[in-house]
Protein chains: 2
Amino acid sequence: MKGVSIVKKLLFVYLLLIGLFVLYIYNYQAESSTKRAWNGNELVGDVDETYVMVTFMVGIDYWKRALKGFEDAAEALNVSIEYRGSTQYDVYEEMTVLEQVIAKNPAGIAISTMDPEALNPVIDKAVEAGIPVVMFDADAPASKAYSFLGTDNYKAGVEAAHKMAELLKEKGQVGVITLPNQLNHQERTKGFQDTIFKEYPEMEVVSVKDGRGDQMISKEAAEKMIAEYPDLAGVFVTEANGGVGVGQTIIDQQLKDSIKIISFDTDKGTLDMIKDDVISATLAQGTWEMGYWSLQFLFHLQHGIHEQDRENEPLPRFVDTGVTIVTKENVNAYYPQ
Amino acid sequence: MKGVSIVKKLLFVYLLLIGLFVLYIYNYQAESSTKRAWNGNELVGDVDETYVMVTFMVGIDYWKRALKGFEDAAEALNVSIEYRGSTQYDVYEEMTVLEQVIAKNPAGIAISTMDPEALNPVIDKAVEAGIPVVMFDADAPASKAYSFLGTDNYKAGVEAAHKMAELLKEKGQVGVITLPNQLNHQERTKGFQDTIFKEYPEMEVVSVKDGRGDQMISKEAAEKMIAEYPDLAGVFVTEANGGVGVGQTIIDQQLKDSIKIISFDTDKGTLDMIKDDVISATLAQGTWEMGYWSLQFLFHLQHGIHEQDRENEPLPRFVDTGVTIVTKENVNAYYPQ
């Protein structure tokens, strides 16, 4: 009887074992079929899917936050990225790099162009080859790229005007130092001028000068402006090198208390001058947002996630990534980490 | 010896059993920890997470494509949605509905407002309670909503002007029938006028009349315009009821061959008149895109997916969802399916 009892127990154990094994296999299959469904419908890509960011002057700090956004989106979507670009401020070099990127047939390309027209034939070639392309930071409006993600420069100028009015208690003469031949700088200047004119009757834009994007030339322009308008109370500088140049003038002439400067972007020189109360505020662009949503848009193009059966463009035409005003209070967060 | 052999076998089976069980548990834990990682980093929500779309006049066709975009994004992100709104064109009703939605503490709310200011206190209350809010189609610019996704109406007017110039071979007198007191219609008109003035020297905007968004009043405005300007070659109507009204004038006076109409939106009356060669083109707004990207934005707010450590706004401030020109060639795709 003992032998039978052992055999019975053995049988029971075997059945249990088989039962567990069946459960295990069943569970394993259920898991993998769930995964397949996810991969088909959801926002999960493949690590072999490589999206490329292309810029000019790859070494400068300016691109770091955009690239971080691009990387963060790649992690969220489970895809891979590469960063390429010209080392110099050379449109032919950027064109060559873009040609090389296209030759590898990537899953999508996000481009910031040095020139609003020169890259168009190469951009169009990529789109015609079926490669998703979006522009970020600097657009090529006549190209076939699907979307542009960047700062609405007119609105940035409007925000600069409101901040200047706040700093000056809505009174006084102000000037602008800019790059009068570049579209984005023209827009910043116009947004600033229009807003001062329409909304602040006791303020006046008395002078607009060319700083050529250069620290020394902007410094000299500021010196001339101050000589011409001794009551000048504020200067809006539409790019960062110029902002530091105007800051130097203010330091040299000990005018920190009487002239307020608003600059653009967040390079180290600008941030240091904010800490030292030389520059009152600067406008930080949403470069992380440009990178993050560029990759999202490219992914949606690559995976055909858009309205079906209609002839609409598959993506929004323009995303204004906005600006944030940086002052002494929040300046620390903007140093590269 | 036989007894020992059976005990040994039994022991072996037990060890095997324990081994398999450990493997099973280990495997189970590995699976679930992988799942946790996905849930933490990736774009996969929870079906208990409910996002709400709120509009006015919930019954009209206009919202269907926006709601479809909202639904498509919910499917992609594995979250739930609800659609709520006022049944009438009544701002107090919309306010009450929004209050009820907020009381349920949803994961996020996308709102199209009847009035650019009246809803602000309720919108701000939602944001202050920590509920993600974006505006779509019609903005409340002074509210605390994080973003606005809609048509850049000035640019839509620019596109209408280019299409009109194409239809008229860049020559002739044109008019506009609009709602002169509503901001979005002012912008459409201005984009149209500026573009004709700047880019088409042989064209002229000779008349801008108020159609009050009403078919009959727009019909009468068109009759008056044609009487005043017998050489009128084209009319841009900035909303759909007016477009059908102007179309009626053209049919009544048998002017189909001499006056081209460009209208706005894609309701059935407009599409039928495009089929019948009465209206030459209409501008379809990217309403699917508004719904889709609204939900994406709300999800990103809810899950805290944005640049860390900076004080930037967590989302792009504005998304221009663009317009598509609908003509006889692609009109069929725009009938509700």
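In the block above lies the structure referred to throughout.
1. Some remarks on the sheet that holds strand E4 (residues 133-136) of chain A
Strand order in the open sheet formed by twelve strands is E2(A)-E1(A)-E3(A)-E4(A)-E5(A)-E11(A)-E11(B)-E5(B)-E4(B)-E3(B)-E1(B)-E2(B), and the pairing between neighbours is mixed. The two strands at the open ends of the sheet, each matched to only one other strand, are strand E2 (80-85) of chain A together with strand E2 (80-85) of chain B. Ignoring which end each strand starts from, the neighbouring axes of this sheet average 20 degrees apart. Sheet topology note: the strand E1 (residues 50-55) of chain B/strand E3 (residues 108-111) of chain B ladder contains four bridges and is parallel. From the neighbouring strand, Met53(B) faces E3(B), where its bridge partner is Ala110(B).

2. A few points about the sheet that holds strand E12 (residues 323-326) of chain B
Strand pairing within a sheet occurs via backbone hydrogen bonds; the two strands may be parallel or antiparallel. Residues and elements named next belong to chain B. If you walk across this open sheet you meet the six strands as E7-E6-E8-E9-E10-E12, and the pairing is mixed. On the outer flanks of this sheet lie strand E7 (203-210) and E12, each paired with one strand and no other. Across the sheet, the mean angle separating the axes of adjacent strands is 20 degrees when strand polarity is ignored. Pairing of strand E10 (residues 281-285) with E12 involves four bridges; the strand directions are antiparallel. Bridge pairing links Gln285 to Val323 in E12.

3. Here's the deal with the pattern of salt bridges
Enumeration over the complete set of coordinates arrives at 28 salt bridges over all chains. Between Lys155(A) and Asp320(A) there is a salt bridge, and its shortest N-O distance comes to 3.9 Å. Here Lys155(A) is found in helix H5 (residues 153-167), whereas its partner Asp320(A) is found in strand E11 (residues 318-320), with 165 residues between them in sequence. With a relative accessible area of 3%, Asp320(A) lands in the buried category. Here Glu128(B) ties to Lys144(B) by a salt bridge, and the two come within 2.6 Å at their closest N and O atoms. Remark: Lys144(B) occurs in the loop between strand E4 (133-136) and strand E5 (148-150) and Glu128(B) occurs in helix H4 (residues 120-128); sequence separation between them is 16 residues. Among the charged side chains, a salt-bridge network with shared partners connects Lys219(A), Glu223(A) and Asp252(A).

4. A closer look at the pairing of strand E1 (residues 50-55) of chain A
Remember that side chains alternate between the two faces of the sheet whenever the strand is regular. Residues and elements named next belong to chain A. The buried fraction of E1 is high, at five of six residues. Bridge count between E1 and E2: six bridges; the pairing is parallel. In the sheet register, Tyr51 faces E2, and the bridge partner there is Ile81. Each parallel crossover has a hand, and the one from E1 via helix H2 (residues 64-77) to E2 is right-handed.

5. Structural notes on the nonpolar core
The biggest cluster of nonpolar side chains holds 64 residues, and the ones touching the most others in it are Leu43(A) and Leu43(B). Of all the secondary-structure elements, those providing two or more residues to this core are E1, H2, E4 and helix H10 (287-302) of chain A together with E1, helix H2 (64-77), E4 and helix H10 (287-302) of chain B. In contact with Leu43(A), other than residues within four places in its own chain, are Ala76(A), Leu77(A), Phe299(A), His300(A), Ile305(A), Leu43(B), Ala76(B), Leu77(B), Tyr292(B) and Gln296(B).

6. Re the packing of helix H3 (residues 91-103) of chain B against H4(B)
Axes are the key here: two packed helices are described by the angle between their axes and the distance separating the axes. Residues and elements named next belong to chain B. Direction vectors running N to C along H3 and H4 enclose 10 degrees, while the axes themselves pass 10 Å from each other. By the angle between their axes, H3 is roughly parallel relative to H4. Contacts from Met95, Leu98, Glu99 and Ile102 in H3 reach Val122, Ile123, Lys125 and Ala126 in H4. The residue makeup of the contact of H3 with H4, split by class, is six nonpolar, no polar and two charged.

7. Describing the relation of the copies chain B and chain A
With an RMSD of 1.6 Å, chain B superimposes on chain A once it is rotated by 179 degrees and translated 0.2 Å along the axis. Those values place the two copies in the arrangement expected of a two-fold rotation axis. Both copies present the same face, since 98% of the interface residues in chain B are matched by interface residues at the equivalent positions in chain A.

8. What about the packing of helix H7 (residues 215-228) of chain B against helix H8 (residues 240-252) of chain B?
Residues and elements named next belong to chain B. Packing of H7 against H8 leaves a shortest axis separation of 7 Å and a crossing angle of 50 degrees. Taken together, H7 and H8 sit at an angle that is classed as oblique. At the point where H7 passes H8, the crossing takes the right-handed sense. Counted together, Gln215, Ser218, Lys219, Ala222, Glu223 and Ile226 of H7 and Asn241, Gly242, Val244, Gly245, Val246, Gln248, Thr249, Ile250 and Asp252 of H8 form the full contact between these two elements. Here the residues of the contact of H7 with H8 are counted per class, giving five nonpolar, seven polar and three charged.

Cut-offs applied
- Residues numbered from 1 in each chain as written.
- Chains lettered and ligands numbered in written order.
- Predicted model: local features only at pLDDT ≥ 70, side-chain atom pairs only at ≥ 80, totals over all residues.
- Heavy atoms only, no water.
- Pairing = 2+ DSSP bridges.
- Helix = DSSP H or I, 4+ residues; strand = E, 2+ residues; numbered from the N terminus.
- Axes fitted to C-alpha atoms, helices over the stretch in contact; angles between N-to-C directions.
- Salt bridge = Lys/Arg side-chain N within 4 Å of Asp/Glu carboxyl O.
- Buried < 20%, exposed > 50% of the residue type's maximum accessible area, 1.4 Å probe, protein only.
- Right-handed = clockwise from strand over helix to strand, strands pointing away.
- Core = buried A, V, L, I, M, F, W, Y, C linked by side-chain atoms within 4.5 Å.
- Contact = heavy atoms within 4.5 Å.
- Parallel < 35°, antiparallel > 145°, perpendicular 65-115°, else oblique.
- Nonpolar A, V, L, I, M, F, W, Y, C, P; charged D, E, K, R; others polar.
- Least-squares fit on C-alpha atoms with pLDDT ≥ 70 in both.
- Left-handed = near helix turned anticlockwise from the far one by under 90°.

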